[in-house]
Structures are given as structure tokens and as C-alpha cells.
Amino acid sequence: GEDRPEPTKEMIEAKFWEVYPRCSAKLLQEVKQGMIVVFHDLGEYQPGGYQALVDNPEEFLAKTYGKKKIKVKPEVMIPLVGFKKELDLQVEIVHRVAKEVMAEKKVKFDYLVGTMIEVPRGALTADEIAKTAQFFSFGTNDLTQTALGISRDDMGAFLGAYTENEIFKKNPFATLDQDGVGQLMKTAIAKGQSTRKDIKLGICGEHGGDPDSVKFCHGAGLDYVSCSPFRVPIARLAAAQAALEKK
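Quick caveat: nothing in here was measured; it's all calculated off a predicted structure.

1. A few points about the overall build of the protein
A tally of helices and strands in the protein yields 11 helices and five strands. Out of the 247 residues in the protein, the part that is buried amounts to 45%. Considering only contacts in the protein between residues 6 or more positions apart, those separated by 24 or more positions represent 66%. Of the roughly 13,200 Å² of accessible surface on the protein, 53% is carried by carbon and sulfur atoms.

Below is the structure:
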């Protein structure tokens, strides 16, 4: 077919959230058997079992972009890591498959492999995990659940009482709990940077579209925030305001 223009970041995110509900990636993420990979056209990516989730990103990249002069640098993200060895074992698979695909397709591309910080142990041992991970993405939805011991799906039954009694100042799944979850993030950032100074840092979750949370992330030194498309304008405005305030 005809060559299409390189998609914008907004187009990529919109496509991801359009396809995501139909994918098996979320289920696999929750049972520590998968990963979510976002790159230029997820609409052509057909998720399958775990091995397919490892194989397909490079396969798709080689077929679709390997012979075109488009700069693409995929980032493969392993979720729910609490132990360095967990990440090591999965990264071995990623590197093996990437090498096989590049050899078979006679193409070469750079990629990063990192992890989502979603459990407290991952944050507290981030210096060890950063020996393997090239980037951290803070999965604040799950990190909030694991840090507070509260299920986001069930909290509706007691959110009102917790708010009325001022246990919660705000819904912690809408606005980041800066004194609890935020401190875990700061610990992970400091520990990660102590091992890998140039480690890429970001946030992935609904907090990425909340102004107060975005400002906190900017102050903590994160490189980017990720959120659902309808929250992007708010996130951009909050990021700009945070940058101006820091100056």
C-alpha cells in the first residue's frame, strides 16, 4: 500500500486505548505473564500468548518499519517486577527474540527494556532492578493498590466514609497519594538513579492526567507522564504550569 505519514504521539495513544480493551495484555499483566508494548500502529498487532507478546513487537517492527527510513525505538516494558531476578529472566527472552528477528529479517534496530514499578518491593529495591532496567514507568494505579492495600474496584463501598472522616483528603486513585505512594516513587527514583544516572523515568496511570499529580511528578524528576487521550490536554497544561513554577 501507500506509505503513510509517521503517526503523531496523540494518534498512537488513541489507537492504543482503542485496541487495548480487546487485548489479552491486561489479563497477562495481572498474572505476571505478559507485557504491554506500544509502538507506531498497535492496530496491526495481534496479541496472543506470552511468547507471542514477546515475539510480535520485534516481528511487527521488522516487517512494517525495518526497511523504511523511519526512526523507531521501541520500549519493551515488563510489568509488576518486585525482584531483579524476575526482570532478568524476562529480559533474556526479549534480547534472544530481538536478536533472532533481526537476523531473520536482516534489519537492525535499537530498543530499550524496562519495567513498571507497581509493587512496593520494586520501589524499595530499585537500585538493584536498575542494573537491568533501562527505564522505569511507575504504574501508579497498581502501586496505589499494593501500597495502600485497597482495591480500586471495591473502594466505592467505603470511599465516602474515608473522605468524610478525613482519612483521605482526595480519592487516591484520582489524585496521587504524595505522602505514601509518592514517597515510594521518590525512593525508587533516587535508588534507580544511583545505579543508572541516565535512567528514563515516567508514569503510566490515570494519575498522569491529574494536575496535582502531574506537578508532583515534575518536581520528583520524571521525564514524562502517560494517560488516556481525553486527559492529555489537562496533563499538558499541568506540565507547563509545573515547569513555569519550578523556574
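Once you've had a look at it, read on.
2. What to know about the sheet that holds strand β2 (residues 112-117)
Backbone-to-backbone hydrogen bonds pair the strands of a sheet. The strands run either parallel or antiparallel. A sheet is described by the order of its strands in space; here five strands give the open sequence β1-β2-β3-β4-β5, paired in parallel fashion. Two strands close off the open sheet at either side, each with one partner strand: β1 (75-78) and β5 (224-226). Here the strands of the sheet are splayed against their neighbours by 30° on average, with no regard to which way each runs. Relative to strand β4 (residues 200-204), strand β3 (residues 135-138) is paired through four bridges, and the arrangement is parallel. Looking across to β4, one finds that F138 is bridged to I203. Taken strand by strand, helix α4 (residues 84-105) contacts β1 and β2, and its axis lies near 150° from that of β2.

3. Regarding the nonpolar core
Judged by nonpolar contacts, the single largest core of 34 residues is most densely connected at F136, F138, M185 and L222. Setting aside chain neighbours within four positions, we find F136 in contact with T115, I117, A126, I129, A130, A188, G192, I199, K200, L201, G202 and Y224.

4. Observations concerning the side chain of T144
As for its placement among the helices and strands, T144 is situated in helix α7 (residues 140-148). Filtering out sequence-adjacent residues up to four positions away, T144 remains in contact with G149, P172, F173, V181 and H207.

5. Observations concerning α4
The terminal C-alpha atoms of α4 lie 31 Å apart, and with 22 residues this matches the ideal 32 Å at 1.5 Å per residue to within 8%. All buried positions along α4 are accounted for by L87, D88, V91, I93, V94, V97, A98, V101 and M102. Phi turns positive one or two residues past the end of α4, at K106, with a value near 55°.

6. Overview of the layout of surface pockets
Considering only enclosed or pocket space, the second largest pocket measures out at about 350 Å³ in volume. Considering the residues around the second largest pocket, the lining is formed by L148, E166, I167, F168, K169, K170, P172, T175, L176, D177, Q178 and D179. Along the lines of polarity and charge, the residues of the lining of the second largest pocket split into five nonpolar, two polar and five charged.

7. Section: the pairing of β1
With four bridges connecting them, β1 and β2 associate as parallel partners. In the strand pairing of β2, V76 is matched with V113. Assessed by its sense of winding, the connection that carries the chain from β1 through α4 to β2 is right-handed.

8. A few points about the pattern of salt bridges
A side chain of one charge can pair with a side chain of the opposite charge if their charged atoms are brought near each other. Applying the stated rule across the entire model yields seven salt bridges. For E128, the salt bridge identified is with K131, shortest N-O distance 3.0 Å. Given a relative accessible area of 35%, E128 falls into the partly exposed group. With its nearest N and O atoms 3.7 Å apart, the salt bridge here joins K215 to E245. Here E245 lies in helix α11 (residues 232-246) and K215 lies in helix α10 (residues 211-220), a separation of 30 residues in the sequence.

9. Notes on the environment of L176
Here L176 lies in the loop between α8 (159-164) and α9 (181-195). Residue class for L176 comes out buried when judged on its relative accessible area of 4%. Along the sequence, L176 and F216 sit 40 residues apart, while their C-alpha atoms lie 8.4 Å from each other.

What counts as what
- Residues numbered from 1 in each chain as written.
- Predicted model: local features only at pLDDT ≥ 70, side-chain atom pairs only at ≥ 80, totals over all residues.
- Heavy atoms only, no water.
- Helix = DSSP H or I, 4+ residues; strand = E, 2+ residues; numbered from the N terminus.
- Buried < 20%, exposed > 50% of the residue type's maximum accessible area, 1.4 Å probe, protein only.
- Contact = heavy atoms within 4.5 Å.
- Areas by Shrake-Rupley, 256 points an atom, 1.4 Å probe, with all protein chains shown as cover.
- Pairing = 2+ DSSP bridges.
- Axes fitted to C-alpha atoms, helices over the stretch in contact; angles between N-to-C directions.
- Core = buried A, V, L, I, M, F, W, Y, C linked by side-chain atoms within 4.5 Å.
- Expected span 1.5 Å × (residues − 1).
- 1 Å grid on protein atoms, 1.4 Å probe; cavity = no way out; pocket = protein on both sides within 12 Å on 5 of 7 lines; lining within 4 Å.
- Points joined across faces, edges and corners; volume = space filled by probe spheres on them.
- Nonpolar A, V, L, I, M, F, W, Y, C, P; charged D, E, K, R; others polar.
- Right-handed = clockwise from strand over helix to strand, strands pointing away.
- Salt bridge = Lys/Arg side-chain N within 4 Å of Asp/Glu carboxyl O.

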